[in-house]
Amino acid sequence: FTAVDKIQLSGNPSRYRLVSSRYYGINGVRIDTVNGAFGMQPDVVAFVNNATLPSLNLNNPNQFVYV
């Protein structure tokens, strides 16, 4: 993920949350749905390697696009 990249998600920012996480030993930020299908656990949508919570904002149109 670089400054010119955008992550495309469905719906709107309120459907997602950012979570500090590790994946195979790499620090980053996980993008989860707020609620999973049928009220189940949230779904993991993506993982952004080496990102930090302060560096990403679901409401930033330079980072995220919603369709």
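Relevant structure appears above.
Below: a short report on this structure.

Thresholds, definitions, all that
- Residues numbered from 1 in each chain as written.
- Predicted model: local features only at pLDDT ≥ 70, side-chain atom pairs only at ≥ 80, totals over all residues.
- Heavy atoms only, no water.
- Helix = DSSP H or I, 4+ residues; strand = E, 2+ residues; numbered from the N terminus.
- Rg over C-alpha atoms; globule rule 2.2 N^0.38 Å.
- Buried < 20%, exposed > 50% of the residue type's maximum accessible area, 1.4 Å probe, protein only.
- Contact = heavy atoms within 4.5 Å.
- Areas by Shrake-Rupley, 256 points an atom, 1.4 Å probe, with all protein chains shown as cover.
- Pairing = 2+ DSSP bridges.
- Core = buried A, V, L, I, M, F, W, Y, C linked by side-chain atoms within 4.5 Å.
- Polar contact = N/O pair within 3.5 Å; in protein donor to acceptor, adjacent residues only side chain to side chain.

Attention now goes to the overall build of the chain. The number of helices and strands found in the chain is 0 helices and 5 strands. Counting from the amino terminus, helix and strand elements in the chain follow one another as β-β-β-β-β. Relative to a compact globule of 67 residues, whose C-alpha radius of gyration would be 11 Å, the chain shows 12 Å and is just as compact. If one aligns the C-alpha atoms of the chain with their principal axes, the spans along those axes are about 35 × 30 × 15 Å. Counting over 67 residues, the chain shows a buried share of 24%. Of all intrachain contacts in the chain linking residues separated by at least 6 positions in sequence, the fraction that spans at least 24 positions is 42%. Accessible surface for the chain amounts to roughly 4,700 Å². Of this, 52% is attributable to carbon and sulfur atoms.

This part takes up the environment of Pro 42. The residue Pro 42 is located in the loop between strand S3 (26-33) and strand S4 (44-49) in this model. Looking at Pro 42, the relative accessible area reads 26%, which means it is partly exposed. C-alpha of Pro 42 to C-alpha of Asn 59: the two residues are 17 residues apart in sequence and 20 Å apart in space.

Attention now goes to the pairing of strand S2 (residues 16-23). Note that S2 and S3 share 8 bridges and pair antiparallel. Bridge pairing links Tyr 23 to Ile 26 in S3.

Burial of nonpolar side chains together is a common tendency in soluble globular proteins. The biggest cluster of nonpolar side chains holds 10 residues, and these are Ile 7, Leu 9, Tyr 16, Val 29, Ile 31, Val 48, Ala 51, Leu 56, Leu 58 and Phe 64. Elements with a contribution of two residues or more to this core: strand S1 (7-9) and S3.

Positionally, Thr 33 belongs in strand S3. Among the residues examined, Thr 33 registers a relative accessible area of 14% and is labelled buried. Only 2.8 Å separates the side chain of Thr 33 from the backbone nitrogen of Asp 43, close enough to count as a polar contact.

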